[in-house]
Amino acid sequence: MGQESPIGRVRGLGSARSGAGHWWHERLTSVSTLILFVWLLVSLLRLPDLGHGTVTEWLASPIAAVPMLLLIVSTFWHLKLGLQVVIEDYVHEEGLKLFSIALLNFFALGAGALAFFSVLKIAFAGAA
């Protein structure tokens, strides 16, 4: 049956049932984040200047706002997945581990929502 923990047997989560999905999500979000960061860098380098007005006018366009929103989602999801692995590997007390993962989830969701809202505000309000 492999090296499953007793709780893993109860939950039906062996070594390849939960970790593989998490591993793939980490890889997919790292690739999507890399691609979107390259897009962001190229887009910013193509602007005539990086002044507030120029950047907000650029971000008000759906062609810029949609990939930026995807970048935000991908970045914060990747951050959450990566830090969760660190917590799971290095925090050994179960209560503290659960608290730390919950705190991480709240932080990633809150910071991601703030960034997402900021882009939407610029996209819908324009460069006013």
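The rules behind these values
Residues numbered from 1 in each chain as written. Predicted model: local features only at pLDDT ≥ 70, side-chain atom pairs only at ≥ 80, totals over all residues. Heavy atoms only, no water. Core = buried A, V, L, I, M, F, W, Y, C linked by side-chain atoms within 4.5 Å. Buried < 20%, exposed > 50% of the residue type's maximum accessible area, 1.4 Å probe, protein only. Helix = DSSP H or I, 4+ residues; strand = E, 2+ residues; numbered from the N terminus. Contact = heavy atoms within 4.5 Å. Patch = residues over 30% accessible without salt bridge, like charges linked within 9 Å, V, L, I, M, F, W, Y side chains within 5 Å. Areas by Shrake-Rupley, 256 points an atom, 1.4 Å probe, with all protein chains shown as cover. Salt bridge = Lys/Arg side-chain N within 4 Å of Asp/Glu carboxyl O. Axes fitted to C-alpha atoms, helices over the stretch in contact; angles between N-to-C directions. Parallel < 35°, antiparallel > 145°, perpendicular 65-115°, else oblique. Nonpolar A, V, L, I, M, F, W, Y, C, P; charged D, E, K, R; others polar. Phe/Tyr/Trp six-rings, centres within 6.5 Å; stacked < 30°, edge-to-face > 60°.

(A) Just the nonpolar core, in detail. Formed by Leu36, Leu40, Leu47, Trp58, Leu59, Ala64, Ala65, Met68, Leu69, Leu71, Ile72 and Val119, the largest nonpolar core amounts to twelve residues. Elements that contribute at least two residues to this core include exactly α2 (19-46), α3 (52-59) and α4 (62-90). Looking at this core element by element, the count peaks at six residues for α4. Apart from the residues lying within four places of it in its own chain, the contact partners of Leu71 are Thr33, Leu36, Phe37 and Leu40.

(B) Expanded view of the side chain of Thr33. If you trace the backbone, Thr33 turns up in helix α2. Exposure remark for Thr33: the relative accessible area of 9% places this residue in the buried category. Thr33 has contacts with Leu71, Ser74, Thr75 and His78, leaving out every residue within four places of it along the chain.

(C) Local environment of a nonpolar patch on the surface. A cluster of nonpolar side chains, Trp23, Trp24 and Leu28, forms an exposed patch at the surface whose accessible area comes to about 370 Å². You can call Leu28 exposed: its relative accessible area is 53%.

(D) Examining the packing of α4 against helix α5 (residues 94-125) more closely. Here α4 crosses α5 at 170°, and the two axes come no closer than 10 Å. When the axis of α4 is compared with that of α5, the two are roughly antiparallel. Of the residues assigned to the contact of α4 with α5, the class counts are 19 nonpolar, four polar and three charged.

(E) Representation of the packing of aromatic side chains within the structure. Scanning the model with the defined rule gives two aromatic pairs in all. Relative to Trp24, the ring of Trp23 lies with its centre 5.1 Å away and its plane at 85°, an arrangement referred to as edge-to-face.

(F) View of the environment of Ala108. Relative to the helices and strands, Ala108 is located in helix α5. We classify Ala108 as buried; its relative accessible area is 8%. Discounting residues that sit within four places of it in the chain, Ala108 has contacts with Phe76, Leu79 and Lys80.

(G) View of the side chain of His22. Tracing the backbone through its elements, the reader meets His22 in helix α2. Overall, His22 belongs to the buried group, its relative accessible area being 19%. Among all residues touching His22, those that are not within four sequence positions of it are Leu81, Gln84 and Val85.

(H) A look at the pattern of salt bridges. Across all of its chains, the model carries two salt bridges by this definition. Linking Arg27 and Glu26 is a salt bridge whose minimum nitrogen-to-oxygen distance equals 3.7 Å. A relative accessible area of 14% means that Glu26 is categorised as buried. The shortest N-O distance in the salt bridge between Lys97 and Glu94 comes to 3.6 Å. Taken together, the positions of Lys97 and Glu94, both in helix α5 and three residues apart, correspond to about one turn of that helix. Among the residues examined, Glu94 registers a relative accessible area of 54% and is labelled exposed.

Function cannot be inferred from these measures alone, as they are strictly geometric.
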